[in-house]
Protein chains: 2
Amino acid sequence: MTPYARRGVHGQTVEALAHRILGGEIPEGATLDLVALQGELDVSLTALRESLKVLAAKGMVDARQKRGTFVRARADWHLLDADVLRWQFEGGRTTEADRSLLRDLAEVRVTIEPAAVRLAAERRTDADLVALAAALEAMGQHDAGPAHAVEADLTFHRALLAATHNELLERMEMVIESGLAHRDRIVHSSPHSRDPVPAHRTVLDAVRDGDPSAAEAAMRALLDQAGRDLERIHGTDDTKGTGGT
Amino acid sequence: MTPYARRGVHGQTVEALAHRILGGEIPEGATLDLVALQGELDVSLTALRESLKVLAAKGMVDARQKRGTFVRARADWHLLDADVLRWQFEGGRTTEADRSLLRDLAEVRVTIEPAAVRLAAERRTDADLVALAAALEAMGQHDAGPAHAVEADLTFHRALLAATHNELLERMEMVIESGLAHRDRIVHSSPHSRDPVPAHRTVLDAVRDGDPSAAEAAMRALLDQAGRDLERIHGTDDTKGTGGT
DNA sequence: CTGTCAATATTTATTACTAATTTAGGAGAA
DNA sequence: TTCTCCTAAATTAGTAATAAATATTGACAG
C-alpha cells in the first residue's frame with residue numbers, strides 16, 4: 001500500500017524521523033547524532049541506517065563519511081513524493097507552512113487537471129469511460145456514507161488522469177489525492193453539501209464526446225466552484241458547503 | 001547531489017537493481033531471490049537489503065515476510081522521482097517505451113510551463129528577475145561551448161519555476177530537466193542551431209512586465225517551436241535545428 | 001604558498017545470529 | 001462441503017560486533 005515498507009520497527013522509525021524533520025524539530029543542515037537517535041528511538045544502528053536510507057531516497061538526508069549524516073536543504077526534499085506529502089499533513093496542527101502547501105497543492109490541481117481532461121477527451125478508451133461512469137455512479141450513492149463519497153470522488157479524478165494515457169500525468173494523482181484529502185478534512189461531510197455529481201457529469205460527457213475544449217471548460221468550472229466553496233467556508237468558518245471536488 | 005547516497009558499493013547495487021527492473025530484465029511481480037542476487041552482485045545481504053529499501057522508497061519493490069521481496073506493478077513506481085526518471089534513460093538504447101516516455105515528458109512540459117509563467121508573471125520578485133536575466137545572459141554566450149548553453153537553458157527554466165513561488169511546481173524541475181537533457185541528446189549542438197535567446201527574452205519581458213497572458217503566450221510559442229524543430233529533426237534525421245528549448 | 005602524504009575519525013559494509021510475522025495448509029467444527 | 005482457527009515453515013526484520021573504506025584535517029616538503 002505505502003511505497004516503502006511501513007511494517008515493523010523500521011517503518012515506525014522512518015515516520016518518526018520524517019515527522020521530526022518535516023516538523024522542523026530537526027532543522028535543515030543539522031547533522032544527526034546517530035547514536036543519540038538510536039537510543040532515543042530504541043532501535044539498533046542498522047535499523048536506524050536503513051530508515052535513513054529511505055529518507056535519503058526521498059532527498060531528505062544525506063550521509064557522508066566523516067561529515068556525518070545531515071538534513072539536506074528543503075529545496076532538495078522530494079515534495080512530490082506521496083510519503084513526503086502525507087508526512088507534512090500528519091506532522092502537526094495547521095501551521096503557516098501547512099496553509100502555504102495547501103495553496104500550492106490547489107494551484108497544481110488547477111494546472112494539471114484542465115490540461116489532463118483535454119488529453120483524456122482525445123484519447124479515452126471505452127474502458128476509461130466505463131471506469132469514469134462507475135466512479136460517477138458511486139458518487140451518486142449518497143447513503144453509503146461520507147467516506148464512500150470521498151473515495152468515489154478520488155476514483156473519478158484518478159480515472160480521468162488514467163484516461164490521458166500519460167504515465168507521468170497519472171502519477172500526479174498523489175498531488176490531487178493530497179489536495180482532496182485535506183479539503184475533505186475541512187469540509188467534513190456536511191449534510192447540506194452541494195451535490196458534486198452534476199459538475200462531474202458535465203466533464204464526463206465532454207470527455208465521452210471527445211470535445212477537449214468543452215472538457216477543459218467543465219473542469220475549470222468544477223475546480224473554480226470547489227475553490228470558491230472552500231474559500232467561503234474558510235472565511236466564514238461555516239460548515240455548510242461543497243460536497244465534492 | 002543525487003537524492004540517495006550513490007557512493008560506495010551500495011550505490012552501485014541500487015543502480016544495478018534499478019536498471020534490471022526498469023529495463024524489464026526483472027519483470028513486474030517477480031519475486032527476487034535475495035541470496036542469488038547477493039552472490040551475483042557480490043554484496044552482503046545487509047547491503048542488498050539497504051539497496052532494496054531505497055527502491056522500496058521509490059515504490060519499485062515491496063518486501064513482505066513469507067511472500068518474499070517482489071517487484072511491484074509499474075503503476076506503483078514513482079515515475080516522477082528524479083532517479084527513476086534518470087534510470088529509465090540510462091537503462092537501454094532507444095526503445096518503444098523510451099519513445100513513449102519522451103512523449104509523456106513533453107506533454108507535461110506543455111502542461112506545466114505555460115501555467116508556471118502565468119504565476120511567475122504575477123509573483124516574480126526582483127531577485128527572480130535577476131536570476132532569469134543572468135541565465136539569459138549565459139545562454140547568449142555561444143562561444144562557451146554547447147554544454148554551457150544547455151546548462152544555461154536549464155537554469156533559465158529552473159529560475160522560471162522558482163519565480164512561481166510554488167514549491168510543488170518548483171519540483172517539477174526534475175521532469176523538465178529530463179525532457180531537456182534528452183532533447184539535447186538528439187539535437188546535439190548543431191552549429192546551425194537557431195538562436196534560442198530571442199524566444200526566451202520574450203518570455204522574460206512578459207514576466208518582468210507582470211503580464212501573465214503575454215507570458216503564457218510567449219512560453220507556448222517557445223515550446224511549440226521547440227517541438228516542431230525536434231519533430232523536423234526526428235522526421236528528416238537532419239542535424240540542423242533548434243539550439244534551445 | 002601550494003601540493004602531497006599520512007594520521008584520524010566516522011561512516012559503510014560484512015558476518016553471524018536471533019526474533020518477529022505472516023501466509024499456507026491442515027485439523028476440526030458447523 | 002465450507003468455514004474458522006491454529007500450527008508450522010519460510011522469509012524478512014532486527015541486533016551486535018568487527019572490518020574496511022574514505023573523506024577531512026593537519027603537517028611537512030617543495
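Small disclaimer: the values here were computed from a predicted structure and weren't measured.

**A word on the overall build of chain A**
Then step 1. Each helix and strand counted, chain A has eleven helices and three strands in total.
Then step 2. N-terminal to C-terminal, the α/β element order of chain A is α-β-α-α-β-β-α-α-α-α-α-α-α-α.
Then step 3. Split into buried and exposed, the 245 residues of chain A put 49% on the buried side.
Then step 4. Pairs at least 24 apart in sequence give 67% of the contacts found in chain A among residues at least 6 apart.

**Digging into the sheet that holds strand E2 (residues 61–64) of chain B**
Residues and elements named next belong to chain B.
Then step 1. Across the sheet, which stays open at both edges, the three strands sit in the order E1-E3-E2 with antiparallel pairing between neighbours. Edge positions in the sheet fall to strand E1 (31–32) and E2, since each of these pairs with one other strand and no more.
Then step 2. In terms of strand pairing, E1 meets strand E3 (residues 68–71) through two bridges, oriented antiparallel. Along E3, the bridge assignment pairs Leu32 with Thr69.

**Digging into the interface of chain B and chain A**
Then step 1. Each side of the interface is counted separately: chain B has 47 residues, and chain A has 46 residues.
Then step 2. For the pair chain B and chain A, the two sides together bury roughly 4100 Å², of which 53% comes from carbon and sulfur.
Then step 3. In terms of surface lost to chain A, no three residues of chain B exceed Leu80, Leu168 and Arg171 of chain B, which account for 17% of the buried area on that side.
Then step 4. Put simply, chain B and chain A have eight salt bridges between them.
Then step 5. Across the salt bridge formed by Glu167 of chain B and Arg74 of chain A, the nearest N and O atoms sit 2.6 Å from each other.
Then step 6. The interface formed by chain B and chain A holds 26 residue pairs in polar contact (both at pLDDT 80 or more) in total.
Then step 7. Counted by class, the side of chain B that touches chain A contains 23 nonpolar, eight polar and 16 charged residues.

**A few points about the nonpolar core**
Then step 1. In this structure, Leu55 and Met60 of chain A together with Leu55 and Met60 of chain B are the most contacted members of the largest nonpolar core, which totals 81 residues.
Then step 2. In this structure Leu55 of chain B touches Val14, Leu17, Ala18, Ile21, Met60, Val61 and Trp87 of chain B, once residues within four positions along its chain are discounted.

**As for the relation of the copies chain B and chain A**
In summary, the two copies of the chain are related to each other by a rotation about an axis coupled with a shift along it.
Then step 1. Aligned on chain A, chain B shows an RMSD of 0.1 Å; the corresponding rotation is 180 degrees and the shift along the axis is 0.0 Å. With respect to symmetry, the two chain copies, as superposed, fit the operation of a two-fold axis.

**Side note on the protein's contact with DNA strand C**
Then step 1. Close to DNA strand C lie 17 residues; Ala63 of chain A together with His10, Ser44, Thr46 and Gln65 of chain B are nearest.
Then step 2. When the atoms of DNA strand C within 4 Å of the protein are sorted by group, sugar and phosphate make up 68%.
Then step 3. Note that a phosphate oxygen of DNA strand C is positioned 2.7 Å from one of the side-chain N or O atoms of Ser44 of chain B.
Then step 4. Ranked by the residues each element gives to the surface near DNA strand C, the list is headed by helix H1 (residues 8–22) of chain B, at three residues.
Then step 5. Of the residues contributing to the surface near DNA strand C, the split by class is four nonpolar, seven polar and six charged.

**Details of the packing of helix H2 (residues 34–41) of chain B against helix H3 (residues 45–57) of chain B**
All names here are of chain B.
Then step 1. Where H2 contacts H3, the two axes come as close as 10 Å, and the packing angle between them is 105 degrees. Between H2 and H3, the interaxial angle falls into the category roughly perpendicular. Along the contact surface, H2 presents Leu34, Leu37, Gln38 and Leu41, while H3 presents Leu45, Leu48 and Leu52.
Then step 2. The residue inventory of the contact of H2 with H3, partitioned by class, reads six nonpolar, one polar and no charged.

**Comments concerning the pattern of salt bridges**
Then step 1. Following the criterion strictly, the structure yields 42 salt bridges over all chains and no others.
Then step 2. A salt bridge links Arg86 of chain B to Glu15 of chain B; its shortest N-O distance comes to 3.7 Å. A residue pair is termed long-range when its members are at least 10 positions apart, and Arg86 of chain B in helix H4 (residues 82–91) and Glu15 of chain B in helix H1 qualify at 71 residues.
Then step 3. Salt bridges sharing partners connect three or more residues here, namely Glu15, Lys58, Asp81, Asp83, Arg86 and Glu90 of chain A.

Conventions we followed
Residues numbered from 1 in each chain as written. Chains lettered and ligands numbered in written order. Predicted model: local features only at pLDDT ≥ 70, side-chain atom pairs only at ≥ 80, totals over all residues. Heavy atoms only, no water. Helix = DSSP H or I, 4+ residues; strand = E, 2+ residues; numbered from the N terminus. Buried < 20%, exposed > 50% of the residue type's maximum accessible area, 1.4 Å probe, protein only. Contact = heavy atoms within 4.5 Å. Pairing = 2+ DSSP bridges. Buried area = accessible area lost by both parts, 1.4 Å probe. Salt bridge = Lys/Arg side-chain N within 4 Å of Asp/Glu carboxyl O. Polar contact = N/O pair within 3.5 Å; in protein donor to acceptor, adjacent residues only side chain to side chain. Nonpolar A, V, L, I, M, F, W, Y, C, P; charged D, E, K, R; others polar. Core = buried A, V, L, I, M, F, W, Y, C linked by side-chain atoms within 4.5 Å. Least-squares fit on C-alpha atoms with pLDDT ≥ 70 in both. Near = heavy atom within 4 Å. Axes fitted to C-alpha atoms, helices over the stretch in contact; angles between N-to-C directions. Parallel < 35°, antiparallel > 145°, perpendicular 65-115°, else oblique.

As far as function goes, none of this settles anything; it's purely spatial.
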